[in-house]
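# Reading the structure
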Amino acid sequence: MKIAILSRNRRLYSTRRLVEAAEQRGHDVHVLDILKCYMDITPANPSIWYRGEKLEGFDAVIPRIGASVTHYGLAVIRQFEMMGVYCLTESVALGRSRDKLRAMQLFSRKGLGMPRTSFAYHVHNTKDLIKLVGGAPLVVKLCEGTQGRGVVLAETAKAAESVIEAFRELRAEFLVQEFIKEAGGSDIRALVIGGKVVAVMQRTAMEGEFRSNLHRGGSAQLIKLTPPERRTAVKAAQTMGLSVAGVDLLRSSRGPLLMEVNSSPGLEGIEGATGKDVAAAIVQFVEENAKPHNTRTKGKG
């Protein structure tokens, strides 16, 4: 197959691994910088151009879209979809997963466990937001942050009010969430491909830090999921419409709680912790599903 990997940096671990896995399986792989793609939105004949050449003959696209270029990335993926090219991560699914508020609303509608969460526009609702999640300590989280950026633990109500007011001044959209103390600074990353959990690791925050992201110095180790955790991870990915997803869970006294679903999960940490060839599993899924116009969400938001 002829496969395009949409990535701004071909040297990133995840991009390199996907290229290696695809080439080892005999595919023709092209890494394309999403911001260097440009589109001809002609009725009945949409096309994408890259460095003066029209992109043609692709069987599949594997998007690795960073949060900072989500808006343009969505447009490029939609254009490929309009051209009938199979996209591993569809535009609708990517858009859902990048909007934390939308994702939480979808999880709630499906009855999935998650921390108590509140959201408001007006600053006068600050005290009510804090009460809705059970008071301090609590977590304030930007709606479009990634890798632990824009996530703040407020240990007192006064600190929470100050953080919320600061975010308001920046005109930032954010969620207020219950702090799950019993998680002990650890969370679970489950890598879901095609409705199956293929790799799992537990991430633990470094001393003095509550965010367990590996980019924040957290450590990773191999663990086993309980049946409820496995079901929650799979259903969360399906709810987003994602064929490949990194699902983050917390272990709580009331069962597994969803934190978020990542549409471009990093491969370095989970491959290192589990020893599994996740990149090859992703490429194999593409091989089995890459058919023209094979779009699961059919453009529904």
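Basis of the calculations
Residues numbered from 1 in each chain as written. Predicted model: local features only at pLDDT ≥ 70, side-chain atom pairs only at ≥ 80, totals over all residues. Heavy atoms only, no water. Helix = DSSP H or I, 4+ residues; strand = E, 2+ residues; numbered from the N terminus. Buried < 20%, exposed > 50% of the residue type's maximum accessible area, 1.4 Å probe, protein only. Contact = heavy atoms within 4.5 Å. Areas by Shrake-Rupley, 256 points an atom, 1.4 Å probe, with all protein chains shown as cover. Phe/Tyr/Trp six-rings, centres within 6.5 Å; stacked < 30°, edge-to-face > 60°. Lys NZ or Arg CZ within 6 Å of the ring centre and 35° of its normal. Salt bridge = Lys/Arg side-chain N within 4 Å of Asp/Glu carboxyl O. Axes fitted to C-alpha atoms, helices over the stretch in contact; angles between N-to-C directions. Parallel < 35°, antiparallel > 145°, perpendicular 65-115°, else oblique. Left-handed = near helix turned anticlockwise from the far one by under 90°. Nonpolar A, V, L, I, M, F, W, Y, C, P; charged D, E, K, R; others polar. Lys, Arg positive; Asp, Glu negative; His and termini not counted. Polar contact = N/O pair within 3.5 Å; in protein donor to acceptor, adjacent residues only side chain to side chain. Core = buried A, V, L, I, M, F, W, Y, C linked by side-chain atoms within 4.5 Å.

### Thoughts on the overall build of the protein chain
A tally of helices and strands in the protein chain yields 9 helices and 16 strands. In terms of overall dimensions, the protein chain has a C-alpha envelope of 55 × 40 × 35 Å along the principal axes. Put simply, the protein chain has 301 residues, and 51% of those count as buried. Sequence separation of at least 24 residues holds for 67% of the intrachain contacts in the protein chain that already meet a minimum separation of 6. When the accessible surface of the protein chain is totalled, it reaches about 14,600 Å², and 49% of it is carbon and sulfur.

### Comments concerning the packing of aromatic side chains
Summed over all chains, the structure comprises 1 aromatic pair. Its guanidinium or amino end placed over the ring of F58, K2 lies 4.5 Å from that ring's centre, counting from NZ or CZ.

### Digging into the pattern of salt bridges
Counted according to the given criterion, the structure contains 13 salt bridges. Of the charged contacts, one joins R17 and E20 as a salt bridge, the two residues approaching to 3.2 Å between their closest N and O atoms. Taken together, the residues span about one helical turn, with R17 and E20 both in helix α1 (residues 13-24) at a distance of 3 residues. For the salt bridge of D248 with R203, the shortest nitrogen-to-oxygen distance reads 3.2 Å. Note that D248 is positioned in strand β15 (residues 244-252) and R203 in strand β13 (residues 196-204), a separation of 45 residues in sequence. You'll find D248 and R203 in the same group, each marked buried. It is possible to trace a salt-bridge network through shared partners that takes in R17, E20, E271 and D277.

### Details of the packing of α1 against helix α9 (residues 278-289)
The N-to-C vectors of α1 and α9 enclose an angle of 60°; their axes lie 8 Å apart at closest approach. Between α1 and α9, the crossing angle belongs to the class labelled oblique. The way α1 lies across α9 gives a crossing that is right-handed. Residues R17, L18, A21 and A22 of α1 form the contact with α9, whose participating residues are A279, A280, I282 and V283. Partitioned by chemical class, the residues of the contact of α1 with α9 number 7 nonpolar, no polar and 1 charged.

### A look at the side chain of K141
Within the fold, K141 resides in strand β9 (residues 138-142). E260 provides the closest opposite charge to the buried, salt-bridge-free K141, at an N-O distance of 5.0 Å. A distance of 3.1 Å separates polar atoms of two side chains, one belonging to K141 and the other to Q177. Those residues within four positions of K141 in sequence are excluded, and the remaining contacts are K100, G150, V151, E173, F174, L175, Q177 and M259.

### Details of the nonpolar core
In terms of nonpolar packing, the biggest core is built from 28 residues, with F107, V197, V247, L258 and V261 touching the most fellow members. Beyond its immediate stretch of four places on either side in the chain, V261 contacts S97, F107, A236, M240, L242, A245, G246 and V247. Counting 27 residues, the second-largest nonpolar core is a separate cluster that includes A60, I193, V244 and F285.

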